[in-house]
Amino acid sequence: MKRALAIIRSSVLSMIGVALVLLVVLSAIFAGVVAPFPDHRGAVVDFTNFNQPPHWPNIMGTDLVGRDLFSRILYAYRTSLVLAVVVLVLAMPTGVIVGLVAGYFDGFRRHALMRLTDVFLSIPPLVLAMSIMGVLEPTLLNGMMAVTVMWWPWYARLVYNITLAEREEGYVLAAEVIGASSLHVMFREILPNCIPAVLTKMALDIGFVILIASSLSFLGLGVQPPTPDLGSMVAEGANYLPDSWWLTVFPGLAILVAVFGFNLLGDALRDILGSDQ
Amino acid sequence: MHPVLRLLLRRAGMSALVLIGVSVLIFVIARVIPGDPARIALGPNATVEQVANLRDALHLDQPVWRQYGHFIADLARGDLGVSLYTNRPVTTDIAQFLPATLELVFAAAILMIGLGLPLGILSARYRGGIIDNSIRVVALLGVSAPSFVWAVILMLLFAFFLPIFPIAGRLSTDFLIEPVTGFLLVDTLLAGNPAAFGNAVSHIALPAFALALSGIGQAARLTRANMVETYDRPYIEMARSYGFPERRIAGRFAFRPSLIPSLTILGLDFAAMLGNAFLVEAIFAWPGLSRYGVAVILRKDLNAIIGTVLIISATFLIANLIVDLLIAWLNPRIRHGRGTGG
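Residues numbered from 1 in each chain as written. Chains lettered and ligands numbered in written order. Predicted model: local features only at pLDDT ≥ 70, side-chain atom pairs only at ≥ 80, totals over all residues. Heavy atoms only, no water.

What follows is about the pattern of salt bridges. All names here are of chain A. According to the stated counting rule, one finds 13 salt bridges over all chains in the structure shown. Across the salt bridge formed by D106 and R110, the nearest N and O atoms sit 3.0 Å from each other. When salt bridges with common partners are traced through the structure, they connect D63, R67 and R72 into a single cluster. (Salt bridge = Lys/Arg side-chain N within 4 Å of Asp/Glu carboxyl O.)

Okay, structure coming up:
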């Protein structure tokens, strides 16, 4: 822990990462307190003040129906973070279990599971999520499912590679020799050695999940209005470039700030956990 | 048999298996659609009889595995069915829209390799210095925003604020180019029309760069990480003690072995670009597969969805096959048939 703090403090970039992540997480949690117009997260219309460039009190301007862009961006952070956490919480265990089983057992189970993983990995991620969203109704919950389906194979690959190497180690042989069950060996012996790499990947992935989810909603295949979402805000404003530039630039920068922060933090965590996956 | 040839055959076989898997997966996804695809395609005013006829034509009343059988039999004849959205064969639609998308993705891939690798080499060679840190920040920024955000920013900066590049499209309407390959950059050259070629280049510059930015960042980050590791090897120390110039050490001894792990990831980045092209095309009104793909997904146009995903996956698998071959060719252990490699 002390070493971790020392690494973070010694690097300016890590400090910036921590600051940006705190900023994003806190604005998502306290959106209701910080946002100047909390009710603008829903279907509010104010035609006396629509499509206005940044001015006081709408510091990022207003959208096409007169809602405060800044307030909506704060609430959109909430949507993005909830989505990212749910996706990773679902995708990580799925991938880890598949990877452990495929790596530990030889023969049919390994080949079936890893070929299945390969199939999922050979459809470009966004295209896979898009086709799933095409089948399902575009809602936040279904968006999470679509992103989860494209995400677990990466954890399966990662854990599979580690398990392949670890199962030849002496401690695994020792456990097998004294008669430990395969469940015990997989989950109590090998799994703990996968955890640093898996945690690093999760930290690095938060940013990417936010990025992919915003891409889906940009295409109209994710979160639906009036729920505030950064991707759909950019898509909405794209038709009004360049005159109403604030409609796209601020939500776009909001994505950049959040993902950049999580990536910096992920890089720092990778240094701390000393894994180079 | 030559080891590289054997590897190629094995990988090609594996890719074919994966492609069959993809077709099953996408077929199953498309067939669990809630609601009746025939009813959705024909709209609420169609008669019950019309819907029944279309269901019959699409074999929708048969079990899923038999539907898949029909699909594979048609596919073997190069027939992906008729799009319910455009009323044309899906293959015709894809043949019309795919070249524009591929041209964009290839241009972005060239930028990714042409800029990403040199930036990574520079970064590793001057590790810890100001050049290294600036490149690392730029590379991280590149991977930190979806390509549609970069597209918007580049468009505002270099098409509106500084009107250097055109805003949208592939070619000005002043030029009439006979399509041969569908790749305008090639067709304008074949037509012997340098002005049109320049025009096409200026049209593709911004979208390709927006699409490439995250790949450039990724390539630079990877190359740096791999080269930093290679720099710590004893043979680099030895090369230094022999007095090889630092330039040659960076370019030849440190970069070559680092390229092999980078290439695998670049193959995956290429896949990501095939998907992200959808986002960039939407901003720059690029007439590629994007608008078609999104439209058919929103309309639940089964044949077109399956066809589009299959073609994109096949493109991706072919690209990865090429990457595998490049790796085999770069890796002397495989090239000379020693070790298993892989």
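There is more to say after this.
Another point: unusual backbone geometry. Cis rather than trans, the peptide bond between W56(A) and P57(A) has omega equal to 5 degrees. Assignment of secondary structure puts P57(A) in the loop between α3 (31-34) and α4 (69-104). With an omega of -5 degrees, the peptide bond running from L241(A) to P242(A) counts as cis. Position of P242(A) among the secondary structure elements: in the loop between α10 (230-238) and α11 (246-273). Residue N87(B) is not a glycine yet carries a positive backbone phi of 60 degrees. Here N87(B) is to be found in the loop between α4 (64-76) and α5 (90-125). Judged by relative accessible area, which is 63%, N87(B) ranks as exposed. A positive phi angle is found at A285(B), which is not glycine, with a value near 50 degrees. Along the chain, the position of A285(B) falls in the loop between α11 (246-284) and α12 (289-298). (Helix = DSSP H or I, 4+ residues; strand = E, 2+ residues; numbered from the N terminus. Buried < 20%, exposed > 50% of the residue type's maximum accessible area, 1.4 Å probe, protein only.)

Structurally, D118(A) can be placed in helix α5 (residues 108-121). Once you skip the residues sitting within four places of it in the chain, D118(A) turns out to touch R157(A) and V18(B). (Contact = heavy atoms within 4.5 Å.)

Glancing now at the packing of aromatic side chains. Applying the stated criterion across every chain, the model contains 14 aromatic pairs over all chains. Their ring planes at 80 degrees and their centres at 5.9 Å tell us that F47(A) and F50(A) sit as a pair that is edge-to-face. The exposed category is assigned to F47(A), whose relative accessible area is 55%. Note on F27(B) and F71(B): the rings are 5.3 Å apart at their centroids and 35 degrees apart in plane angle, and the pair reads as tilted. Highlighted residues: F27(B) in helix α1 (residues 3-31) and F71(B) in helix α4, separated in sequence by 44 residues. You can call F27(B) buried: its relative accessible area is 2%. Chaining the aromatic ring pairs together yields one cluster made of W245(A), W246(A) and F250(A). In this arrangement the basic side chain of R109(A) is found over the ring face of F105(A), its NZ or CZ atom lying 3.9 Å from the centre. Positioned above the aromatic ring of Y155(A) is the side chain of K201(A), whose terminal nitrogen or guanidinium carbon lies 5.5 Å from the ring centre. (Phe/Tyr/Trp six-rings, centres within 6.5 Å; stacked < 30°, edge-to-face > 60°. Lys NZ or Arg CZ within 6 Å of the ring centre and 35° of its normal.)

So, about α5(A). Across its 14 residues, α5(A) extends 20 Å between first and last C-alpha, which sits within 8% of the 20 Å expected from 1.5 Å per residue. Considered for burial, the residues of α5(A) that qualify are R110(A), M114(A), T117(A), D118(A), V119(A), F120(A) and L121(A). Those residues of α5(A) that are buried lie in contact with α4, α6 (125-135) and α7 (140-166) of chain A together with α1 and α13 (302-330) of chain B. (Expected span 1.5 Å × (residues − 1).)

A word on a positive patch on the surface. All names here are of chain B. A cluster of basic side chains, namely R248, R252, R256 and R335, defines a positive patch on the protein surface. Sort the elements by how many residues they give to the positive patch and α11 lands first, with 3 residues. Note on placement: R335 falls in helix α14 (residues 332-335). Using a relative accessible area of 31% as the deciding quantity, one classes R335 as partly exposed. (Patch = residues over 30% accessible without salt bridge, like charges linked within 9 Å, V, L, I, M, F, W, Y side chains within 5 Å. Areas by Shrake-Rupley, 256 points an atom, 1.4 Å probe, with all protein chains shown as cover. Lys, Arg positive; Asp, Glu negative; His and termini not counted. Charge placed at Lys NZ, Arg CZ, Asp CG, Glu CD.)

This next bit is on the environment of G32(A). Mapped onto the elements of the fold, G32(A) is located in helix α3. In this view, G32(A) contacts P38(A), Y75(A) and R78(A); residues no more than four positions away in its chain are not counted.

Any two packed helices are characterised by how steeply their axes cross, that is the angle between the axes, and by the distance between the axes. Residues and elements named next belong to chain B. Between α5 and helix α9 (residues 194-231), whose axes approach to 6 Å, the crossing angle comes to 35 degrees. In the crossing of α5 with α9, the sense of the turn from one axis to the other is right-handed. Per-class residue counts for the contact of α5 with α9 are 23 nonpolar, 5 polar and 3 charged. (Axes fitted to C-alpha atoms, helices over the stretch in contact; angles between N-to-C directions. Left-handed = near helix turned anticlockwise from the far one by under 90°. Nonpolar A, V, L, I, M, F, W, Y, C, P; charged D, E, K, R; others polar.)

So, on to the nonpolar core. Core analysis: the largest hydrophobic core is formed by 164 residues, its most contacted members being M130(A) and W151(A). When residues of this core are assigned to their parent elements, the largest contribution, 18 residues, is made by α4(A). In contact with M130(A), other than residues within four places in its own chain, are L216(A), L219(A), L221(A), F278(B), V294(B) and I297(B). (Core = buried A, V, L, I, M, F, W, Y, C linked by side-chain atoms within 4.5 Å.)

Looking now at the side chain of N58(A). All names here are of chain A. Following the sequence through the fold, N58 ends up in the loop between α3 and α4. Overall, N58 belongs to the buried group, its relative accessible area being 2%. Non-local contacts of N58, meaning those with residues more than four positions away in its chain, are made with F37, N49 and D68.

So, on to the interface of chain A and chain B. Size of an interface: often given as the accessible area lost when the parts come together. Across the boundary between the two partners, chain A contributes 47 residues, which contact 47 residues of chain B. Between chain A and chain B, a total of about 3800 Å² is buried, with carbon and sulfur atoms accounting for 82% of that surface. On inspection of chain A and its partner chain B, the count reaches 1 salt bridge. R221(B) is the salt-bridge partner of D267(A), the closest N and O atoms lying 3.1 Å from each other. The interface formed by chain A and chain B contains 2 residue pairs in polar contact (both at pLDDT 80 or more). (Buried area = accessible area lost by both parts, 1.4 Å probe. Polar contact = N/O pair within 3.5 Å; in protein donor to acceptor, adjacent residues only side chain to side chain.)

Looking now at α4(B). All names here are of chain B. The terminal C-alpha atoms of α4 lie 18 Å apart, and with 13 residues this matches the ideal 18 Å at 1.5 Å per residue to within 8%. Taken together, the buried positions of α4 are Q67, Y68 and F71. The arc that holds the buried residues of α4, viewed along the axis, is 100 degrees, so those residues lie on one side. Summarising the geometry of α4, the exposed residues directed more than 90 degrees from the buried face are W65 and A76. (Arc of directions from axis to C-beta.)

Spatial relationships are all this shows, so hold off on functional conclusions.
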